[in-house]
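Descriptive structure summary
What follows is each chain in one-letter form.
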Amino acid sequence: MWQVLRSRFDSCHNKISDEPIEGNGGSASSKNVRRQELNFRGPWYLASGFLLFWALLFFAVVIPLFYHLPKGLTLEDASKGVFIAERAQNHLYEFDEIGTKVVGSEGNEIKTVDYLMSLVIEIQESCLDEYFDVEVDLQEVSGSYIHWTMINQYQGVQNIVIKLSPKNSTSEAYLLVNSHFDSKPTSRSAGDAGQMIVSILEVFRVMCTTEQTIQHTIIFLLNGAEENPLQASHGFITQHKWAKNCKAVVNLDSAGGGGSDIVFQTGPNSPWLVEHYKKSAIHPLATTMAEEIFQTGILPSDTDFGIFVKYGNLIGLDIAQFINGFTYHTKYDRFANIPRGSIQSTGENLLSLVRSLSNATELDNTAAYATGHVIFFDFLGLYFISYTESSGVILNYSVSGIALILIFVSIWRTASISCISPGYVLSWFILILVLEIIAFVLGFGLPLAVAYVFDKYGLSLTYFSTPALLIGLYICPSLLGLSFPSYIYLKLQRSAKVALAQQLQLVLHGHAVILALLGIGLTVYGLRSTYVVTWTLIFYETPLAINLLTTLHDRGFSWTGVLKTFQIIPFLYNSYLIYTFLVTLIPMMGRFGRGTNPDLIISALNALGTILALGFLIPLINMFRRPSLILFSLLAISAVTIYTATSTQIGFPYRPRTNVQRLPYLQVRRTFYEYDGTVVKDESGYLFNFQDRRGPAPLENSKVNLTGLVSIAADCDKVMMCGYPLYDHRWVKNREQIMWLPREAEIVPPFVPVLELVAKTDLGNNTMRYEFNTTTTDHTSVFIQPEEDVTIVNWSLLLAYIGQQTTYHLYYSSGKNILPLTFYIDFWKLDGDFNVPVTQLGVGAHSIGNEGDAISQEFASQLPTFAALVEWPASYQRFIF
């Protein structure tokens with residue numbers, strides 16, 4: 001060591017002795033050094049090859065692994081005791097052929113239940129009696145609970161419950177495996193969630209026909225009312241005789257179909273569940289980041305998992321299909337979109353996981369293993385990594401701290417080999433750090449600026465059908481922002497004291513410092529997703545340590561070889577991770593509502609992915625001559641893309657069948673009755689709940705006449721719940737974005753309920769009980785708004801809901817049989833006078849599955865083919881009592 005230091009001292013002494021004094025214009029020696037550094041740079045054309053390498057790496061490795069599916073096994077493999085995708089696929093075909101499966105419809109309550117029960121009985125008859133006892137229960141259940149801002153009340157919804165009990169087992173802890181078979185209107189639900197239903201049935205078949213020992217009873221729940229929303233799972237977990245023994249749940253759902261399934265919720269506070277997934281999943285796909293994003297509630301989706309956790313105190317894993325979410329909840333969710341390999345992938349994972357959890361000793365006492373959150377993620381579907389949150393905190397702080405230490409050592413080494421003081425290098429590094437902060441802001445901000453401008457001019461969602469536009473719209477601007485400040489600095493700086501290679505290394509150090517500080521801050525905030533920053537830093541500081549130990553750090557651009565090699569791992573992972581979210585979220589932007597600019601979300605994801613995957617790579621273009629050509633190329637790609645997205649059909653978001661515009665609307669007849677029974681309003685029209693940011697604009701060039709289309713927001717300020725038959729909680733939430741198109745011809749709904757005030761009973765103490773009865777459809781919303789001087793003190797509905805809203809919302813649905821809705825409300829008035837208006841009641845009755853009259857059908861036929869219609873007749877009556 002001392003010899004090395006002595007050698008460097010002599011070298012620096014000789015260098016200083018030979019160095020002439022610089023003038024204002026710089027010495028000849030300084031210019032010679034810069035010319036020599038230029039000679040060390042690679043040819044300019046290799047810079048494009050350098051970036052092309054990373055693009056090819058993404059398309060050659062990430063994309064194939066992301067979409068990889070196993071070979072679907074056939075009936076010829078049935079003797080092996082494995083999951084047979086062909087058999088499940090055959091069942092899915094029959095399931096799809098039934099048609100739509102809306103709660104209350106014949107398709108759901110009779111045809112689908114009968115079909116699934118026949119499969120269950122067939123499997124039951126083939127089970128090994130010497131190993132298992134099998135019981136099947138067809139539950140018909142009624143109940144209610146508060147969901148978002150409404151009472152979610154149901155009656156007669158159905159569950160098919162299968163109990164697989166091992167012989168001679170003393171365990172009273174059950175494992176629950178759940179999915180749903182009902183659908184949204186127009187959807188045949190092959191993906192959401194028919195694929196999961198047939199996978200469960202095949203797992204049930206394999207489990208009960210294979211000679212094996214399991215410790216715990218397994219409950220397979222095929223629930224018939226998830227889309228309604230989440231009613232059947234609530235009915236099971238709160239009322240079924242086997243529910244109290246269920247300790248953990250594997251919940252299966254879908255926001256697409258035809259690919260791999262992802263674990264996006266775990267626990268809560270049960271790392272052992274992730275460990276079982278880790279050791280059993282054959283095709284792992286999971287990330288803590290998905291869990292944290294989903295649990296913010298910003299996504300337009302929900303699952304039964306939350307019901308089981310909230311009302312059953314269960315723990316578990318929430319797993320879903322997510323690829324090709326464009327067909328989700330549309331008429332294009334069909335059997336043809338689900339390849340056999342996708343069913344095999346889901347089935348193999350599920351079978352292995354069920355076998356593992358049904359033998360888990362932790363299931364006997366789950367509270368004893370509630371040891372906190374866990375950090376988990378897969379690497380390209382090849383490996384699965386998990387560790388506890390506490391370990392993650394230590395790792396985050398350690399990696400950030402080590403990164404800062406190594407950067408300090410590197411600065412000291414740079415000063416040593418440059419024969420200058422560390423303070424001199426540090427002063428330049430502070431300037432570089434400021435520039436890298438600017439680069440970080442530009443790398444994130446420029447894509448957001450593009451998204452903002454596009455949205456301002458009504459051009460959001462241009463990438464919806466052409467995701468390749470994301471490269472020019474967001475990735476190239478992000479790369480420009482990341483690279484431009486360092487390019488300007490390296491172009492303009494004139495000091496010959498620090499070699500260009502070392503200055504470029506300082507630029508990367510600046511980016512690393514930002515990530516280290518970001519990692520510390522996010523860890524303090526409590527985000528487990530900080531692991532992404534931490535592992536990105538690990539693969540920067542590791543080559544830095546190697547370069548320092550081997551002195552490659554000091555030898556021109558030699559250090560870049562080790563760095564580029566190690567950057568392959570974080571590039572692959574970060575691009576894979578962000579691509580996963582893009583595949584998931586881009587289809588969701590088509591149902592994200594009109595109130596939020598979806599491009600901000602997608603641009604932010606692209607920017608984040610660019611910074612994480614290429615943040616340590618894009619500055620390396622300065623290793624090559626004329627790096628400005630790369631910057632101009634990025635700018636040109638962005639310019640061409642912006643022109644293409646704004647001026648050609650490529651940028652139009654929608655395509656028939658594959659990338660549709662979701663268009664739910666109601667054929668409405670609304671009638672307002674005064675206190676004395678007179679009618680003050682009776683009108684007909686179409687009520688549109690546009691699902692995406694563009695709203696009605698894409699329809700303007702179609703055949704349909706939208707003259708008179710107006711927002712109902714003004715009515716919402718004057719009339720109870722805007723005076724329209726808002727279908728459910730999502731319609732209520734989105735009510736100020738909903739639009740109304742009047743129609744001259746009267747709409748005659750198939751069914752108009754009659755709301756009857758059955759009795760008024762004086763309860764004393766200025767309190768009067770009103771008893772109501774109505775015979776209505778299988779999907780009805782009732783709105784209740786007492787007058788300002790009236791208070792609801794009691795009712796036959798959920799008591800906990802009283803006082804939560806100014807306008808109360810009761811969502812009432814029926815499954816197998818439609819029963820009248822009866823309820824009472826106790827009103828209190830200070831003056832005790834109930835011979836005046838006390839309350840308003842609105843009844844919205846929905847005839848789902850009915851196409852409406854001839855005029856409505858003609859109107860629907862004029863809408864463009866890229867629109868996926870979800871429409872039915874509905875009546876709305878406003879009463880005053």
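Residues numbered from 1 in each chain as written. Predicted model: local features only at pLDDT ≥ 70, side-chain atom pairs only at ≥ 80, totals over all residues. Heavy atoms only, no water.

Here we take up the packing of aromatic side chains. By the definition in use, this model includes 53 aromatic pairs. Measuring from centroid to centroid gives 6.2 Å for Phe 377 and Trp 535, while their planes differ by 65°, and the two rings are edge-to-face. On the criterion of sequence distance, the pair formed by Phe 377 in strand β8 (residues 374-379) and Trp 535 in helix α16 (residues 531-550) is long-range, its members being 158 residues apart. Given the relative accessible area of 27%, Trp 535 is considered partly exposed. Aromatic ring contacts, followed pair by pair, group Phe 58, Phe 59, Phe 66, Tyr 67, Phe 322, Phe 377, Phe 379, Tyr 531, Trp 535, Tyr 573, Tyr 576 and Tyr 579 into a single cluster. The ring of Phe 95 has Lys 101 sitting right over it, with the charged end atom 4.2 Å from the ring centre. One residue, Lys 497, lies across the ring of Tyr 424, its end atom 5.0 Å from the ring centre. (Phe/Tyr/Trp six-rings, centres within 6.5 Å; stacked < 30°, edge-to-face > 60°. Helix = DSSP H or I, 4+ residues; strand = E, 2+ residues; numbered from the N terminus. Buried < 20%, exposed > 50% of the residue type's maximum accessible area, 1.4 Å probe, protein only. Lys NZ or Arg CZ within 6 Å of the ring centre and 35° of its normal.)

It is worth spelling out the packing of helix α5 (residues 106-126) against helix α6 (residues 190-208) at this point. Contact geometry for α5 and α6: axes closest at 10 Å, N-to-C directions at 15°. Regarding the angle of α5 to α6, the classification is roughly parallel. Viewed along their axes, α5 and α6 form a crossing whose handedness is right-handed. From α5, Leu 116, Leu 119, Val 120, Glu 122, Ile 123 and Gln 124 reach across to α6, where they touch Ile 197, Leu 201, Phe 204, Arg 205 and Cys 208. Each residue belonging to the contact of α5 with α6 can be placed in one class, and the counts come to eight nonpolar, one polar and two charged. (Axes fitted to C-alpha atoms, helices over the stretch in contact; angles between N-to-C directions. Parallel < 35°, antiparallel > 145°, perpendicular 65-115°, else oblique. Left-handed = near helix turned anticlockwise from the far one by under 90°. Contact = heavy atoms within 4.5 Å. Nonpolar A, V, L, I, M, F, W, Y, C, P; charged D, E, K, R; others polar.)

Let's shift gears to helix α15 (residues 500-525). With 26 residues, α15 ought to run about 38 Å at 1.5 Å a step, and its terminal C-alpha atoms sit 38 Å apart, in line with that. In terms of burial, α15 is largely enclosed, as 19 of its 26 residues are buried. In the segment just after α15, Gly 526 is the residue with positive phi, at about 100°. (Expected span 1.5 Å × (residues − 1).)

Moving on, we get to the confidence of the model for the chain. Summary statistics for the chain give a mean pLDDT of 94 and a share of 95% for residues scoring 70 or more. A low-confidence stretch, residues 1-10 (pLDDT under 50), is modelled with five contacts involving residues beyond four sequence positions or located in other chains. Note that residues 13-30 has pLDDT below 50 and, in this model, 12 contacts with residues that lie over four places away or in other chains. (pLDDT = per-residue confidence, 0-100.)

With that settled, the discussion passes to the packing of helix α17 (residues 559-588) against helix α18 (residues 598-614). With their axes 8 Å apart at the nearest point, α17 and α18 run at an angle of 170° to one another. Judged by the inter-axis angle, α17 sits roughly antiparallel to α18. Here Phe 571, Asn 574, Ser 575, Ile 578, Phe 581, Leu 582, Leu 585 and Ile 586 of α17 lie close against α18, whose contacting residues are Ile 601, Ile 602, Leu 605, Asn 606, Leu 608, Gly 609, Leu 612, Ala 613 and Leu 614. Classifying every residue of the contact of α17 with α18 by side-chain character gives 13 nonpolar, four polar and no charged.

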